[in-house]
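# Report on the structure
The primary structure of each chain is shown beneath.
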Amino acid sequence: MRPTLPQWSGTLAVKAAAFITVMCCALAALLGVLVHVQVTDQTVGQARDQALQRLEQATERYEAGDPLRRGAAMDPPELPRQLRDLAVAGDRGTMVADREGRPTMWAAGPADGGALAVAVDYSQQARTIAGLDRAILWSSGLAIGATLLVGAFAVTRVTRRLHTTARVARRISAGDLDARVNDPRTAPRTDPPAKVAARPQDEVAAVAAALDSMASSLQGKLLAEQRFTADVAHELRTPLTGLHAAAELLPPGRPTELVRDRVAALRTLTEDLLEISRLDTGRERLELDTERLGPLAERAVRAAGSGTEVRVVRDVSVETDRRRLERVLGNLVANAHKHGRGPVVVTVDGPVVTVRDHGDGFPEYLVAHGPQRFRTEGGTRGHGLGLTIALGQAEVLGARLGFANAPDGGAVATLVLAVE
């Protein structure tokens, strides 16, 4: 059974980098606001002090009966209403407002029941604040843009490596045990020990190294298992051949029939193990030829030696290896008769061949995960190798073999052949 490996993604790295980027942008904006508030308060405060000082001078001249200087007047029409009401009520105050289209700092205070006001040009201070705001916006924009670029670059590098690791994990899960991440950060380092120790740990590289190590270990164990299976099956062939010859020399009788039957079963099992070992090592080579699928299915059913109905809905020509395809169909038909119930029907509909029986159906594990070696359920005889060989030969042919259960009962094996 092939291992199911986690499919890594860059979602966590993206979220972390996005959070850091947002925090940096927020910090830049906050610093800009603080600078704006500080400078504006200082500028407005200086202008207010100047306006109040001129108001004090204008009040002294007014009380002394001297003429008021330019910019000072009693109840000027441009004076903002709120400031006028404040002065008439007996208080002093300041306010920034437009006067003849120019920003002006007004200061007003009470005088003979009216409002004595002075106007100080505020244009220079307004331009200073506006220039500061523009500088803050530009600098904040540049800082945010640089932060976004750096964040995007960092996230892209991390997510690219994570996606590469995920692709390799999926390839290993699909059976490609030669797949490796080979992250350059996992390569042996030739730096001095002090420099190696000073380098920060890379979590992505650690994951890639762990995945490569797991794949190598898994591949080694599977290769050892395949070699063991092939060696055992090969070593069994010679004694089984001698045992078969000896069984043929036994006198007729029930014990002889039992011995011959068990010897034949052992020979079949040995040949199946050898075939599986060849499929596992990928040494099988196709001998392609163009075949009509309908007649080929009929020959495979006749060779299986069992009563099976063949229905050809739509016949097609396929380029395939006839011997392997007959092996697949023969194993499917034999499995249907051994573990199911009749009638067994083989249907050819274009490049799709289905083999159906009317028994209890496939076990749930087989439908979900495919056939497994040396596993059967329900007390049935067999080693679970027939369907495993059929699946392996179908993969060699480039075909897709699926297993399901019919809604009204019975097992259904569907073989989809590749057509040009």
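These numbers were taken from a predicted model, which means no experiment stands behind them.

Spatially, 4 strands are ordered β1-β4-β3-β2 in an open sheet, and the strand pairing comes out antiparallel. Each edge of the open sheet carries a strand with a single partner, namely β1 (72-74) and β2 (93-99). Pairs of neighbouring strands in the sheet enclose a mean axial angle of 30°, with direction left out of account. Where strand β3 (residues 102-111) meets strand β4 (residues 114-121), 8 bridges bridge the pair, whose relative direction is antiparallel.

To continue, consider the environment of P295. For P295, the position within the fold is in helix α7 (residues 293-304). P295 sits in the partly exposed class, given a relative accessible area of 35%. Spatially, the C-alpha atom of P295 lies 9.7 Å from that of V310, the residues being 15 residues apart in sequence.

A few words on the packing of helix α3 (residues 123-173) against helix α5 (residues 203-248). It is the contact of α3 with α5, at a shortest axis distance of 10 Å, that shows an interaxial angle of 15°. On the basis of their axis angle, the class for α3 and α5 is roughly parallel. The crossing of α3 and α5 is left-handed. Across from V158, R161, L162, T165, V168, A169 and I172 in α3, the residues of α5 making contact are V204, A205, V207, A208, L211 and A215. Grouping the amino acids of the contact of α3 with α5 by side-chain chemistry returns 11 nonpolar, 1 polar and 1 charged.

Attention now goes to the packing of aromatic side chains. The relative placement of two aromatic rings is captured by the distance of their centres and the angle of their planes. Using the criterion set out here, one finds 1 aromatic pair in the structure. Both rings, one in F362 and one in F403, keep their centres 5.4 Å apart while their planes meet at 90°; by these two values the pair is edge-to-face. Separated by 41 residues along the polypeptide, F362 in the loop between β9 (352-356) and α9 (364-369) and F403 in strand β10 (residues 400-405) bring together distant segments of the chain.

The end-to-end C-alpha separation of α5 is 66 Å, in line with the 68 Å expected for 46 residues at 1.5 Å each. Where α5 bends most, the angle comes to about 30°, and this point is R237, followed within four residues by the proline P239. Turning to α5, its buried residues are V204, A205, A208, L211, D212, A215, Q219, Q226, A230, A233, L240 and A247.

Moving on to empty space enclosed by the protein. The rolling of a water-molecule-sized probe over the atoms marks out the regions of remaining empty space. Applying the stated rule across the entire model yields 2 cavities of 30 Å³ or more. In terms of lining, the largest cavity is formed by L332, N335, A336, V355, D357, F362, L387, A411 and A413. Listing elements by their share of the lining of the largest cavity, those giving two or more residues are α8 (322-339) and β11 (411-416). With 3 residues, α8 is the single largest residue contributor to the lining of the largest cavity. Of the residues in the lining of the largest cavity, the class split is 7 nonpolar, 1 polar and 1 charged.

Our focus in this paragraph is a nonpolar patch on the surface. Together, L27, L30, L31 and L34 make up a nonpolar patch on the protein surface, roughly 390 Å² of accessible area in all. Mapped onto the secondary structure, L30 falls in helix α1 (residues 11-64). For L30, a relative accessible area of 46% gives the class partly exposed.

Look at α8 against helix α10 (residues 386-397): their axes get within 9 Å of each other, and the N-to-C directions meet at 150°. Classified by the interaxial angle, the pair formed by α8 and α10 is roughly antiparallel. Handedness of the crossing formed by α8 with α10: left-handed. Listed contacts from α10 to R324, L325, R327, V328, N331, L332 and N335 of α8 are G386, L387, I389, A390, Q393, A394, V396 and L397. Residues of the contact of α8 with α10, tallied by class, amount to 9 nonpolar, 4 polar and 2 charged.

Reading across from one edge, β6-β8-β9-β11-β10 is the order of the 5 strands in this open sheet, with mixed pairing throughout. Only two strands of the sheet have a single neighbouring strand rather than two, namely β6 (309-314) and β10. Between one strand and the next, the sheet's axes are offset by a mean angle of 15°, whatever the strand orientation.

With that settled, consider the confidence of the model for the protein chain. In the predicted model, the protein chain carries a mean pLDDT of 80, and 88% of its residues have values of at least 70. No element of the protein chain has a lower mean pLDDT than helix α4 (residues 193-198), which averages 48, and none a higher one than β9, which averages 93. Here residues 1-10 is modelled with pLDDT under 50, and outside its nearest four sequence neighbours on either side it reaches 24 contacts, counting other chains as well. With pLDDT under 50 throughout, residues 196-200 is counted as low confidence; its partners more than four residues away or in other chains account for 4 contacts.

The sheet contact formed by β9 and β11 spans 5 bridges and is antiparallel. Looking at β11, one finds that V355 is bridged to A413. Relative to β11, β10 runs antiparallel, the two sharing 6 bridges. When the sheet's bridge partners are listed, A404 is paired in β11 with V412. In textbook terms, the turn of a hairpin is the stretch between consecutive antiparallel strands, and for β10 and β11 this stretch comprises 5 residues, one of which, G409, has a positive phi near 105°.

Quick notes on the rules
- Residues numbered from 1 in each chain as written.
- Predicted model: local features only at pLDDT ≥ 70, side-chain atom pairs only at ≥ 80, totals over all residues.
- Heavy atoms only, no water.
- Pairing = 2+ DSSP bridges.
- Helix = DSSP H or I, 4+ residues; strand = E, 2+ residues; numbered from the N terminus.
- Axes fitted to C-alpha atoms, helices over the stretch in contact; angles between N-to-C directions.
- Buried < 20%, exposed > 50% of the residue type's maximum accessible area, 1.4 Å probe, protein only.
- Parallel < 35°, antiparallel > 145°, perpendicular 65-115°, else oblique.
- Left-handed = near helix turned anticlockwise from the far one by under 90°.
- Contact = heavy atoms within 4.5 Å.
- Nonpolar A, V, L, I, M, F, W, Y, C, P; charged D, E, K, R; others polar.
- Phe/Tyr/Trp six-rings, centres within 6.5 Å; stacked < 30°, edge-to-face > 60°.
- Expected span 1.5 Å × (residues − 1).
- Bend = angle between axes of the 7 residues up to and from the residue.
- 1 Å grid on protein atoms, 1.4 Å probe; cavity = no way out; pocket = protein on both sides within 12 Å on 5 of 7 lines; lining within 4 Å.
- Points joined across faces, edges and corners; volume = space filled by probe spheres on them.
- Patch = residues over 30% accessible without salt bridge, like charges linked within 9 Å, V, L, I, M, F, W, Y side chains within 5 Å.
- Areas by Shrake-Rupley, 256 points an atom, 1.4 Å probe, with all protein chains shown as cover.
- Salt bridge = Lys/Arg side-chain N within 4 Å of Asp/Glu carboxyl O.
- pLDDT = per-residue confidence, 0-100.

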